[in-house]
Amino acid sequence: MIRPAELVELISRLAETRERISDLVFTPGRPLQVAADGKLYPVELPSFSLKKLTPFQTEVLAFGLIGKQRRLLKDLLRTGSADFSYHLPDGTRFRVNVFSSQGAYSIVMRKLASRPPRIKDLGLPKACYKIAKEKAGIVLVTGATGQGKTTTLAAILEEINHSEPLHIITLEDPVEYVHPPALSTFNQRELGRDFDSFANGLRAALRQAPHVILVGEIRDRDTMEVALSAAETGHLVFSTMHTVGAGNTINRILGFFNIDEERQVRMRLADTVRWIVGQKLIPKKEGGRVAIFDILYNNIRAKETIIKGEDENRTFYDIMTKGSPYSMQTFDQHLLYLYDKGIITEEVALAYCARRDVVGRGIDLIKTKRGERTSDLEESLEIEIENRRKW
């Protein structure tokens, strides 16, 4: 068994090996690794003979991190994974996931910020300030794992914290950002330690006089049902979902319910959803990553589309494209903005876009404004003309 002091030294040394480290990764058959700017890098620590981790070594590290927390051991053995937080003596915090892979244990440790972020510091869209002023309803931040959803929500909560004297309850797995009280009062609860499921934690929160409730993730029908009820009774509910795009998010929610309930659920969503914010992290030209956002505000057109569904003449993409007066935007519009500012390359813009034809035309317009060649097709035509002249 690894001693606690040795574990602290190993984690501390790894966390200092590069700038902008987001994760520490321990996988059998691989060296020690850290993730920075969306890529994995091997690390050698001379004082630790861990050039290629064995299954036994990762198991020792996993149980060293878990310690005497029996609940986590039960979770790991029963479900194959366990989530928890880990703290270094200097205050550095990590969100830890230990999981079974082909009979061995792997570990990913997400490095957490020491203090909650602010909207202005992260450069989030101005819509986030409007979101922080909402009084009731549901706000969903969507995207794949590791795209910064929790960080965005923490920044919005911190804006509320510095704006209004409200009671904010968070239900998290685990607690990632600890919010020191400013004007608001926080009660931050952790799954497994303070409540047994998001649905039950949310039901209990309704009896705890909250103004704002953060649910770490909506994963099932029960949690969605209670979230809808909370929003309908005047609470502001924030949560995340692992979906991409507003339309996919609505469809995912409908998938929690039976077909014969769809009409009623659509009506409830139309009345309670305030914002759906999609988020991705993409590579910057000069290194590092930048967030792009897909933002839907529930105006009259969006409400109608939630109720009736999308068709050829009515899509969430079109609503967001034309919704700038309501602070709406699509991923594609944000990509073109970043490309125009020289923050990302053309290749990145085309790789992460939703509609290649839209972004391609937008890039050509920007190039024309700059006096640059607009496309490979134009280049091919010029070569063909030059060849004909030679003939």
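As shown above, the structure is provided for reference.
Just so you know, these numbers come straight off a predicted model, no measurement behind them.

Basis of the calculations
- Residues numbered from 1 in each chain as written.
- Predicted model: local features only at pLDDT ≥ 70, side-chain atom pairs only at ≥ 80, totals over all residues.
- Heavy atoms only, no water.
- Helix = DSSP H or I, 4+ residues; strand = E, 2+ residues; numbered from the N terminus.
- Rg over C-alpha atoms; globule rule 2.2 N^0.38 Å.
- Buried < 20%, exposed > 50% of the residue type's maximum accessible area, 1.4 Å probe, protein only.
- Contact = heavy atoms within 4.5 Å.
- Areas by Shrake-Rupley, 256 points an atom, 1.4 Å probe, with all protein chains shown as cover.
- Polar contact = N/O pair within 3.5 Å; in protein donor to acceptor, adjacent residues only side chain to side chain.
- Core = buried A, V, L, I, M, F, W, Y, C linked by side-chain atoms within 4.5 Å.
- Pairing = 2+ DSSP bridges.

S.K.: How do you make sense of the overall build of the protein chain when you look at a structure like this?
M.R.: In terms of regular secondary structure, the protein chain is built from 16 helices and 13 strands. Over its C-alpha trace the protein chain gives a radius of gyration of 24 Å, about what one expects of a compact globule, namely 21 Å for 391 residues. Dimensions of the protein chain, computed from the C-alpha atoms along their principal axes, are close to 80 × 60 × 40 Å. The 391 residues of the protein chain split such that 49% are buried. Here the contacts in the protein chain between residues at least 6 apart in sequence split such that 55% fall between residues at least 24 apart. For the protein chain, the accessible surface area stands at approximately 19,800 Å², while carbon and sulfur atoms represent 50% of it.

S.K.: I would appreciate a short explanation of the side chain of Asn 299 in the present structure.
M.R.: Residue position: Asn 299 is located in the loop between strand S13 (289–297) and helix H11 (300–308). Asn 299 gets classed as buried once you look at its relative accessible area, which sits at 11%. Reaching out from Asn 299, the side chain makes a polar contact with the backbone nitrogen of Ala 302 at a distance of 2.9 Å. Those residues within four positions of Asn 299 in sequence are excluded, and the remaining contacts are Ile 319, Tyr 326 and Met 328.

S.K.: Can you help me understand the nonpolar core in this one?
M.R.: Core analysis: the largest hydrophobic core is formed by 39 residues, its most contacted members being Ile 138, Leu 171, Met 224, Leu 269, Leu 296 and Phe 316. Sort the elements by how many residues they give to this core and helix H8 (residues 221–232) lands first, with six residues. For Leu 296, the residues in contact, after removing those within four places along its chain, are Ala 246, Arg 274, Trp 275, Ile 276, Ala 302, Phe 316, Ile 319, Met 320 and Met 328. In this structure, Phe 48, Leu 65, Leu 76 and Phe 84 belong to the second largest nonpolar core, which totals 33 residues.

S.K.: Can you walk me through H11 in this structure?
M.R.: Of the residues making up H11, those classed as buried are Ala 302, Thr 305, Ile 306 and Ile 307. Residues of H11 that are buried make contact with helix H9 (246–255), helix H10 (262–272), S13 and helix H12 (316–321). Where H11 begins, the capping side chain belongs to Asn 299, and its oxygen is found 3.3 Å from the backbone nitrogen of Arg 301. Looking one or two residues past H11, Gly 309 carries a phi angle of roughly 90°, positive in sign.

S.K.: I would appreciate a short explanation of the environment of Phe 56 in the present structure.
M.R.: Along the chain, Phe 56 falls in helix H2 (residues 55–66). Sequence separation between Phe 56 and Gly 323 is 267 residues, and the spatial gap between their C-alpha atoms is 55 Å.

S.K.: Help me understand the pairing of strand S5 (residues 93–101), please; the structure alone is not making it clear to me.
M.R.: Side-chain direction in a regular strand flips from residue to residue, so the side chains alternate between the two faces of the sheet. As defined by bridge partners, strand S4 (residues 81–87) adjoins S5 across seven bridges and the pair is classed as antiparallel. The partner of Tyr 86 across the bridge, within S5, is Phe 94. A loop of five residues connects S4 with S5, the two strands running antiparallel in sequence, and Gly 91 in this loop sits at a positive phi of about 100°.

S.K.: Can you help me understand helix H13 (residues 331–340) in this one?
M.R.: Note on helix geometry: an α-helix contains 3.6 residues per turn, so any two residues three or four positions apart are oriented the same way. With seven of ten residues buried, H13 lies mostly within the body of the structure. Looking only at H13, the buried set comprises Phe 331, Asp 332, His 334, Leu 335, Leu 336, Leu 338 and Tyr 339. Those residues of H13 that are buried lie in contact with strand S12 (273–283), S13, H12, helix H14 (346–351) and helix H15 (356–370). Backbone geometry just after H13 places Gly 342 at a positive phi near 80°.

S.K.: Help me understand the side chain of Thr 142 in this model?
M.R.: Considering the arrangement of structural elements, one finds Thr 142 in strand S7 (residues 137–142). Assessed through its relative accessible area of 1%, Thr 142 is described here as buried. Looking at Thr 142, its side chain comes within polar contact range of the main-chain oxygen of Thr 243, at 3.5 Å. Leave out the neighbours within four places in its chain, and Thr 142 touches Lys 149, Met 241, Thr 243, Gly 245, Thr 249, Ile 276, Val 277, Gly 278 and Gln 279.

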